[in-house]
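# Architecture and fold: a report
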Amino acid sequence: MEDDQWVLVRRPKEKDWWSPRAEDADSEKDTKRSKPLKVTFTDPAKYWTDAIPIGCGRLGAMVWGGVGSEIIQLNEDTLWTGSPGNYTNPEAPEALSEVRKLVDDGQYAEATEAAIKLTAKPADVYQLLGDIKLEFDDSHVAYGRDTYHRELNLDTATVQVKYTVGEVEFLREHFASRPDKVIATKISGSKSGSLTFAVSFDCKLDHHSYINGKTKIIMEGSCPEKRIPPTLKPNGNPRGIQFSAVLDIQISKDRGVIRVLDDKKLIVEGSDWAVLLLVASSSFEGSFSQPSESRKDPTSDCLSVLQSLMNLSYSDLYARHLDDYQNLFHRVSLVLSTNSKNMTRNVSAGSTNFPEGSEDYTVSTAERIQSFKRNEDPSLVELLFQFGRYLLISCSRPGTQVANLQGIWNKDIQPKWDCAPHLNINLEMNYWLSLPCNLRECQEPLFDFIAALSVNGKKTAHVNYEASGWVVHHKSDIWAKSSADYGEVLWALWPMGGAWLCTHLWEHYTFTLEKDFLKDKAYPLLEGCASFLLDWLIEGPSGYLETNPSTSPEHVFIAPDGKPACVSYSSTMDMSIIKEVFSAIVSAAEVLGKMEDALIGKVCKAQQRLYPTKIAKDGSIMEWAQDFGDPDVHHRHLSHLFGLFPGHTITVEKTPALCKAAENTLYKRGEDGPGWSTSWKIALWARLRSSEHAYHMVKHLFKLVDPDHEVAFEGGLYSNLFAAHPPFQIDANFGFSAAIAEMLVQSTLEDIFILPALPREKWPNGCVKGLKARGGLTVSISWKEGDLHEVGVWSKDHKSSKRLHYRGTIVTANISSGGVYTFDSQLKCVNMYSLAEVSFPSM
């Protein structure tokens, strides 16, 4: 059993790891009933961003909650346009030489113009699966609007829709089951025989549907083989990835019938209840397999899955879903409160404390977002923190595709920014939370994706840049596209995407200490990445190793000749990422006994010659190697602060001058920007240990977005808690959860910093359990009236010595494997016992 999967509970007459002291014995008297975390609505969805997301990694759905008619919009994570491509350009080396010379001559605008020759074909596009359409009888038009309630319960990953028609209460339940690869829906009425509705499929892609037997609808279709130009319809494009979806309907045995209409629609009449099971599959066999050569039969795959569920009741499916989901979700709990009397010392994971009788269905989450600026409700911060964890569990599981720009949830055949993974912040931010928030398994698709990228990236490095190793640029797709995307140079030409991804490999090791992972998966990828970087670096006139051409993602500068440009040399982000990768591979070599390898020797020599991070005349971090003019000082990207977060080359302890410059940079950048930028700023301020500024950016994110009046780059939250650019981008949701964790616990392999950026006045009382720290440790903390109360630290497998830090107090703690250690507010160890003495649920 993995220690990550343990969920702490109390059991009478056994030691509790929390072990409250005698003076707190009356705390249980102040405990209030806990309320599961819920995203709530008082009416059906009007927009897609009002719908509720569910998912099991590969399959996803958006539940609208309509009454007279309902849409359950579907996604399957392998549905993309295109096929494997050639990501090389034999003419690129000549273009590279031209661009480098222009940069060397200080002709940055001309270099920017010439660099378009280094871009290539565009990435492919994520598609949608289609819709389940439900149509209810006319009586539903007169439903009681004051009885309507729709919610997502994060504790159970279940959606409920309730409303009343006359004297009949109708209930719909939806969940997506990872163990059984199915999206399940149960519809019931409180009066026997009251349920009548029609169900059918619809899809924007080329498709057809038909009835199989008396209870199944089958939809078969295909994705376009090429990107869809705006003037071309999907069915006018050659066929690419094939897909199928099968919907099976079961109804109450003693009452009701199912009829077939037009061989495309099923009618349920007079039933007590109905269960809908949706399964889907595609012909995708891997990033390097042509869809036209696939031997997979998606329809047979779907029918096989349904056959495997024949002996499972709805309750069985729900129980299996719940066990799988809660084993992940319940690892971490967070409670924030302004009132110590309402705090629970042993709050159950995923729960928030509310006074008795406070479960108010008349208050929607949208209303809570709107009122946050006024009441600053800390329970809404808990909700958004856990919502990020919920989304990652729902869209990224071992064996699935990597979480894309919207996770898995997409309604368009031409989604914004192709709904592709963008490697200059989006994809990385998607996985920032996986390690500190105790969801390491959810990161596995990222490692699979990096491995696929390295295959194509090796060809791109060799042909385009005449370099060894592998390279990936800013945007990719399901086919592991590695070359620079077609488009504007300021975002397309950025060969640091693979390098940034490689930092996640080392971070995984630092959190888990899994040596086999480091040896078998991480190190070979780091070797290839470092090999490319060594070849990509060139000696500049000042003797430093530099990158040329170089951009700072999506930003332009004013060159000395007054012209706007984006291509120069050695942007701060380039150099910060390279420093991080070189540090990672050297540290990995030390662990694996590879310090004598020739590659490591080259890396160690190169480390001393990398272009340094510099401070500009105005006291901020320089974004480019020269102090160029900045036409947009409030730009959304914070690329030049990579070394502070998520990197580790700028730290409060070791580089105070650079930290001060980073602080000035954040002031200069300002507060505004899209949601993902806000989340990044929270994490950056947290690393600077500035609780006031970190909280200010937390508050900044809580503004309700009106889908009718969206303003690009203004951020905010939709009514379903999806974060906005606008439009919706999921990275901000994931980044927020990671940033909150960073406010509560920071760590290195030697240190744990406790409550380093806690906003004491805003969250004076609280408890967090199950966060992970580097070194294979799990950390739980409680605090009261703004001060640390207790901290618990434990590890299942690893013995280590850690320095614990809290407000200037530093103690060294020797943590034995299998030992649970509790420290008081002075960091004095007050309890130590073995894990065997602690109560855990069986797995």
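For clarity, every value in this text was computed on a predicted model and none was experimentally measured.

Cut-offs and rules
- Residues numbered from 1 in each chain as written.
- Predicted model: local features only at pLDDT ≥ 70, side-chain atom pairs only at ≥ 80, totals over all residues.
- Heavy atoms only, no water.
- Helix = DSSP H or I, 4+ residues; strand = E, 2+ residues; numbered from the N terminus.
- Buried < 20%, exposed > 50% of the residue type's maximum accessible area, 1.4 Å probe, protein only.
- Contact = heavy atoms within 4.5 Å.
- Areas by Shrake-Rupley, 256 points an atom, 1.4 Å probe, with all protein chains shown as cover.
- Pairing = 2+ DSSP bridges.
- Axes fitted to C-alpha atoms, helices over the stretch in contact; angles between N-to-C directions.
- Phe/Tyr/Trp six-rings, centres within 6.5 Å; stacked < 30°, edge-to-face > 60°.
- Salt bridge = Lys/Arg side-chain N within 4 Å of Asp/Glu carboxyl O.
- Disulfide = S-S within 2.5 Å.
- Expected span 1.5 Å × (residues − 1).
- Bend = angle between axes of the 7 residues up to and from the residue.
- pLDDT = per-residue confidence, 0-100.
- Polar contact = N/O pair within 3.5 Å; in protein donor to acceptor, adjacent residues only side chain to side chain.
- Arc of directions from axis to C-beta.

## Section: the overall build of the protein
Within the protein one finds 17 helices and 32 strands. Out of the 843 residues belonging to the protein, those deemed buried represent 63%. Taking the contacts inside the protein whose residues are at least 6 apart along the sequence as the reference set, 69% of them involve residues at least 24 apart. Only carbon and sulfur atoms are counted for the fraction: they give 49% of the accessible area of the protein, which is about 30,600 Å².

## Focus: the sheet that holds strand S25 (residues 751–754)
If you trace the four strands from one edge of the open sheet to the other, you get S24-S25-S29-S30, paired in mixed fashion. Sheet topology places strand S24 (745–747) and strand S30 (809–815) at the edges, where each strand pairs with a single neighbour. Strand after strand, the sheet turns through a mean of 25° between neighbouring axes, direction not considered. Pairing between S25 and strand S29 (residues 800–806): three bridges, direction parallel. Opposite Asp751, over in S29, you have Arg803 as the bridge partner. Of the strands in this sheet, S24 and S25 touch helix H17 (residues 731–744), which is tilted by about 80° from S24.

## Some details on the pairing of strand S2 (residues 38–41)
Residues of S2 alternate between two faces, with Lys38 and Thr40 on one and Val39 and Phe41 on the opposite face, all of them buried. When S2 meets strand S7 (residues 144–153), the two strands line up antiparallel, connected through four bridges. Following the sheet pairing, Thr40 is matched in S7 by Glu151.

## Brief notes about the packing of aromatic side chains
Under the counting rule described, the total for this entry stands at 38 aromatic pairs. Centroid distance Phe722 to Phe728: 3.8 Å. Interplanar angle 10°. Geometry classified as stacked. Across this residue pair, the class does not change: Phe722 and Phe728 are buried. Through pairs of rings, three or more aromatic residues link up here, namely Trp48, Tyr325, Phe329, Phe387, Tyr390, Trp409, Phe722 and Phe728.

## Points about unusual backbone geometry
For the bond running from Phe645 to Pro646, omega is 10°, close enough to zero to count as cis. As for its position among the elements, Pro646 is in the loop between helix H13 (598–607) and helix H14 (656–669). The linkage connecting Pro726 with the following residue, Pro727, adopts the cis geometry, with an omega of 0°. Tracing the backbone shows Pro727 in the loop between helix H16 (691–701) and H17.

## With respect to the sheet that holds strand S28 (residues 787–794)
With antiparallel pairing, the six strands of this open sheet are ordered in space as S18-S26-S27-S28-S31-S32. For this open sheet the edge positions go to strand S18 (333–337) and strand S32 (829–834), each flanked by a neighbour on one side alone. When the angles between neighbouring strand axes are averaged without regard to direction, this sheet yields 15°. On top of the sheet, helix H6 (residues 378–395) reaches S18 and strand S26 (765–773); it is set at about 160° to S18, its chief contact.

## Here we look at the pattern of salt bridges
This model, assessed by the stated rule, comprises 36 salt bridges. Note that Lys563 and Glu110 form a salt bridge whose closest N and O atoms lie 2.9 Å from each other. Of this pair, Lys563 sits in the loop between strand S22 (557–558) and strand S23 (564–565) while Glu110 sits in helix H2 (residues 108–114); the two residues are 453 residues apart in sequence, bridging distant segments of the chain. Accessibility expressed as a relative area gives 36% for Lys563, which makes it partly exposed. The partner of Glu554 in a salt bridge is Arg636, and the shortest N-O contact between them spans 2.9 Å.

## Points about the environment of Lys46
With respect to the secondary-structure elements, Lys46 resides in the loop between S2 and strand S3 (52–55). For Lys46 and Lys602, which are 556 residues apart along the polypeptide, the C-alpha to C-alpha distance reads 59 Å. In this structure, Lys46 is in contact with Trp64 and Asp708, ignoring residues within four places of it in sequence.

## Considerations on the state of the cysteines
Counted according to the given criterion, the structure contains zero disulfides. Counting only cysteine sulfurs, Cys767 is the nearest neighbor of Cys829, a cysteine outside any disulfide, at a range of 18 Å. Classification of Cys829 as partly exposed rests on a relative accessible area of 38%.

## As for helix H8 (residues 444–465)
For H8, which comprises 22 residues, the first-to-last C-alpha distance of 30 Å matches the rise-based estimate of 32 Å (1.5 Å per residue) to within 8%. Bending of H8 peaks at approximately 30° at the position of Asn456. Positive phi appears at Glu466, one or two residues downstream of H8, with a value of about 50°.

## Overview of the confidence of the model for the protein
Of the residues in the protein, 91% have a pLDDT of 70 or more, and the chain-wide mean is 92. Note on residues 839–843: pLDDT under 50 across the span, and 14 contacts to partners over four residues away in sequence or across chains.

## Quick notes on the side chain of Thr651
Tracing the backbone shows Thr651 in the loop between H13 and H14. At a separation of 3.0 Å, a polar atom in the side chain of Thr651 contacts the main-chain amide nitrogen of Lys654. With residues up to four places along the chain from it excluded, the contact list for Thr651 reads Pro656 and Cys659.

## Some words on the pairing of S25
The alternating pattern of S25 places Asp751 and Phe753 on one face and Ile752 and Ile754 on the opposite face, and all of these are buried. Two strands pair when backbone bridges link them, and S24 and S25 are joined in this way by three bridges, in the antiparallel orientation. Looking at the pairing, Ser747 lines up with Ile752 of S25. With antiparallel pairing between neighbouring strands as the criterion, S24 and S25 make up a hairpin whose turn holds three residues.

## Thoughts on H13
All of the buried residues along H13 are Leu599, Ile600, Val603 and Ala606. Projected onto a plane normal to the axis of H13, the buried residues spread over an arc of 125° and lie on a single side. Turned more than 90 degrees off the buried face of H13, the exposed positions are Ala598 and Lys605. On its buried face, H13 is in contact with helix H11 (515–536), strand S21 (545–546) and helix H12 (572–592).

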